[in-house]
Amino acid sequence: MPAFNSLPGFRDFYPAEFAVRAYIMGVWREVARRYGFEEYDGPPLEPLELYIEKSGEEIVHQLYNFEDKGGRAVALRPEMTPTLARMVGARAAGMRKPIRWFSIPQLFRYERTQRGRLREHFQWNVDILGEEDILADAEVLAVALDALRLFGLGPNDVVARVSDRRLLERLLLHAGVPADQLPAAYAVIDKLGREEEARTREKLHKEVGLAPTTVDEVFGIFEHRDFESLARAYAGVQGVADELARLERYFEHLDAMGLGDFVVLDPTIVRGLAYYTGTVFEIFDRAGEFRAICGGGRYDNLLRAVSGVDLPALGFGMGDVVLGEILADRKLLPPLEPRLDYYIVTIGESERPLMLRVAKRLREAGNSVAYSLHPSGVGRQFKDADARGAERVIVLGPDEVAAGVAVLREMRTGEERRIPLDELTP
RNA sequence: GUGGGCGUAGCUCAGUCGGUUAGAGCGCCAGGUUGUGGCCCUGGAGGUCGCCGGUUCGAAUCCGGUCGCUCACCCCA
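Notes on the structure in this doc start here. (Residues numbered from 1 in each chain as written. Chains lettered and ligands numbered in written order. Predicted model: local features only at pLDDT ≥ 70, side-chain atom pairs only at ≥ 80, totals over all residues. Heavy atoms only, no water.)

A few words on the side chain of glutamine 381. Counting through the fold element by element, glutamine 381 comes out in helix 14 (residues 378-387). Judged by relative accessible area, glutamine 381 falls into the buried class, the value being 2%. Setting aside chain neighbours within four positions, we find glutamine 381 in contact with Tyr343, Ile344, Val345, Thr346, Ser372 and Ser376. (Helix = DSSP H or I, 4+ residues; strand = E, 2+ residues; numbered from the N terminus. Buried < 20%, exposed > 50% of the residue type's maximum accessible area, 1.4 Å probe, protein only. Contact = heavy atoms within 4.5 Å.)

Right under this line is the structure:
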């Protein structure tokens, strides 16, 4: 038994696990690049106030927070958006809009671990700041969906459920929910689908203070799951027609990007975070086996709250834990074995200086090269080459050196040929 | 915070109506094979059976406690 283990909810990344992590992050970076996003990062430790300001005191219970030696209340970042808002807010005046940034921070939260939830994870954050047009909303969702496509997940595997808090606000007000009870109502509605309807009804009544008839009205909203139905029922309500029209454009944009099959309208999606103000979405596996893969939306007021700069913004977070589980479950992780371009086998110790010169030359040309670090039998060296995934083996022995050549073996086919030594050495 | 399940080799697990020295497969190391990998054969290293205590002539096995992992609930960025 080892004397120490990693802390609960924290992962060791042995090479096999690190290869998965690197693959996932590689796809994230590639898709961000394709959409023209720039990478940034911030401090993993931030002032505790940065999170309390936005989400309330109770969030402290899920934070890794402590007082530093200078007496500051600090916290390990539980999410990236406040840091982003702080950074952009500080320099917003001089930055060309819209700002398209992404980051892959490691985030922390102190919670009981369970499937898909650890105490740390890496989360791909993609955000657009300084753009009000609904095309920005579609663009952000497209980035998330395109990444999932590149991982090999199609519209039969995953679905983005989309809604808009502005629309829901109009509908809830119409149903009779008091304006000052909207945040509480959002919090309860966010649970729909995760708990029984009777319980949600009870909470709306007892915790939000809605009359039973109002609760019925609220549930009436969620019986409509498409534009036509919503429009028929509520088009006459103040503002609803405009909100529906904007959401329809959102869907049209995604359709034009070839992503229409991934997206459905779902008025019950509100997201747990308090700061969302417009479109909101969550991406799930269609089978419903896993937690949400990705969630995001528009938060037009957060920058003003954090930095005093008024800048519309939106974005999403996609974690590596749930995504990794789904990719493993669907067998979509590519082979991630170690590999080498060359392995150099020597017959005797006298060839080792030549071996090192050859390796230097090959490495300078960009190849990965390895060899035994101690004298060893030829058979053993070949075993080592095979185990390390060498594509080619170069054999250096007295016969070859005397003839001024080396043997080059293609490990996949077993084909061997002799090549002049001066093609391998400076 | 609540409840269920599980802790035996690096990994996956067997072994538990208490009974010599705790096993297998895979992996690892080495040899068979100082000039050619995968397959095969042989050998080896590697365990305080999670920990503490109790019952007993005797505990991996039974009992109590504890820690850890895990699943679900709660919560959820």
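Picking up after the structure, the text goes on.
Those residues of helix 14 that fall on the buried side of the exposure criterion are Gln381, Phe382 and Ala385. For helix 14, the angular spread of buried residues about the axis comes to 100 degrees, placing them on one side. Of the exposed residues in helix 14, those oriented more than 90 degrees away from the buried face are Arg380, Lys383, Asp386 and Ala387. Packed against the buried residues of helix 14 are strand 13 (340-346), strand 15 (390-396) and strand 16 (405-410). Positive backbone phi, approximately 75 degrees, marks glycine 389, located one or two places after helix 14. (Arc of directions from axis to C-beta.)

Turning next to the packing of aromatic side chains. Counted by the stated rule, this structure contains 14 aromatic pairs. Arranged with centres 5.7 Å apart and planes meeting at 10 degrees, the rings of tryptophan 28 and tryptophan 124 form a pair that is stacked. Of the two residues, tryptophan 28 is situated in helix 1 (residues 15-34) and tryptophan 124 in strand 7 (residues 120-129); the sequence distance between them amounts to 96 residues. Here tryptophan 28 matches tryptophan 124 in class, with each residue buried. Both rings, one in tyrosine 275 and one in tyrosine 299, keep their centres 5.6 Å apart while their planes meet at 65 degrees; by these two values the pair is edge-to-face. With tyrosine 275 in the loop between strand 9 (263-265) and strand 10 (279-285) and tyrosine 299 in the loop between strand 11 (294-298) and helix 11 (302-307), the pair connects residues that are 24 residues apart, well separated along the chain. When sorted by exposure, tyrosine 275 lands in the same class as tyrosine 299, which is buried. An aromatic cluster is defined as three or more aromatic residues linked by ring pairs; in this entry it consists of Phe10, Tyr64, Phe108 and Tyr110. One cation-aromatic arrangement involves arginine 119 over tyrosine 110; the distance from NZ or CZ to the ring centre is 4.0 Å. (Phe/Tyr/Trp six-rings, centres within 6.5 Å; stacked < 30°, edge-to-face > 60°. Lys NZ or Arg CZ within 6 Å of the ring centre and 35° of its normal.)

Across a sheet, paired strands are connected by hydrogen bonds in the backbone, their directions being either parallel or antiparallel. With antiparallel pairing, three strands are arranged side by side in an open sheet as 2-4-3. Strands at the two margins of the open sheet, each flanked by one partner only, are strand 2 (45-47) and strand 3 (65-67). Across this sheet, the average inter-strand angle for adjacent strands is 35 degrees, counted without regard to direction. Note: strand 3 against strand 4 (residues 73-76), three bridges, orientation antiparallel. Looking at strand 4, one finds that phenylalanine 66 is bridged to valine 74. (Pairing = 2+ DSSP bridges. Axes fitted to C-alpha atoms, helices over the stretch in contact; angles between N-to-C directions.)

On the surface, Asp226, Glu228, Glu248, Glu252, Asp255 and Asp261 cluster together into a negatively charged patch. Examining the composition of the negative patch, we find that three residues originate from one element, helix 10 (residues 240-256), more than from any other. By the secondary structure assignment, glutamate 248 is in helix 10. (Patch = residues over 30% accessible without salt bridge, like charges linked within 9 Å, V, L, I, M, F, W, Y side chains within 5 Å. Areas by Shrake-Rupley, 256 points an atom, 1.4 Å probe, with all protein chains shown as cover. Salt bridge = Lys/Arg side-chain N within 4 Å of Asp/Glu carboxyl O. Lys, Arg positive; Asp, Glu negative; His and termini not counted. Charge placed at Lys NZ, Arg CZ, Asp CG, Glu CD.)

In this section: the protein's contact with RNA strand B. Around RNA strand B, 34 residues are found, and the nearest of them are Pro78, Arg117, Gly272, Glu400 and Met411. Near-protein atoms of RNA strand B (within 4 Å) split between backbone and bases, with sugar and phosphate holding 47%. The side chain of glutamate 400 places a nitrogen or oxygen atom 2.3 Å from a base nitrogen of RNA strand B. Between a base oxygen of RNA strand B and a side-chain N or O atom of arginine 409, the distance comes to 2.8 Å. When residues of the surface near RNA strand B are assigned to their parent elements, the largest contribution, six residues, is made by helix 14. Of the residues belonging to the surface near RNA strand B, the class tally is 11 nonpolar, seven polar and 16 charged. (Near = heavy atom within 4 Å. Polar contact = N/O pair within 3.5 Å; in protein donor to acceptor, adjacent residues only side chain to side chain. Nonpolar A, V, L, I, M, F, W, Y, C, P; charged D, E, K, R; others polar.)

So, about the nonpolar core. Grouped together as the largest cluster of nonpolar side chains are 78 residues, with contacts concentrated most on Trp124 and Ile283. Broken down by element, this core gets its largest block of residues, 12 residues, from helix 4 (residues 134-151). Sequence-distant contacts of isoleucine 283, that is, excluding residues within four places in its chain, are made with Leu141, Ala144, Leu145, Leu148, Val158, Val159, Ala160, Ala292, Ile293 and Cys294. Ranked by size, the runner-up nonpolar core spans 20 residues in total, among them Met80, Met95, Trp101 and Leu303. (Core = buried A, V, L, I, M, F, W, Y, C linked by side-chain atoms within 4.5 Å.)

The final tally for this structure, using the stated rule, is 30 salt bridges. Between arginine 29 and glutamate 39 there is a salt bridge whose closest N-O contact spans 2.8 Å. Here arginine 29 is found in helix 1, whereas its partner glutamate 39 is found in strand 1 (residues 38-39), with 10 residues between them in sequence. Exposure remark for arginine 29: the relative accessible area of 37% places this residue in the partly exposed category. Across the pair aspartate 164 and arginine 166 runs a salt bridge whose closest N-O atoms are separated by 3.0 Å. Relative accessible area serves as the criterion here: at 1%, aspartate 164 is assigned to the buried category. Each of Asp157, Asp285, Asp329 and Arg330 takes part in a single network of salt bridges with overlapping partners.

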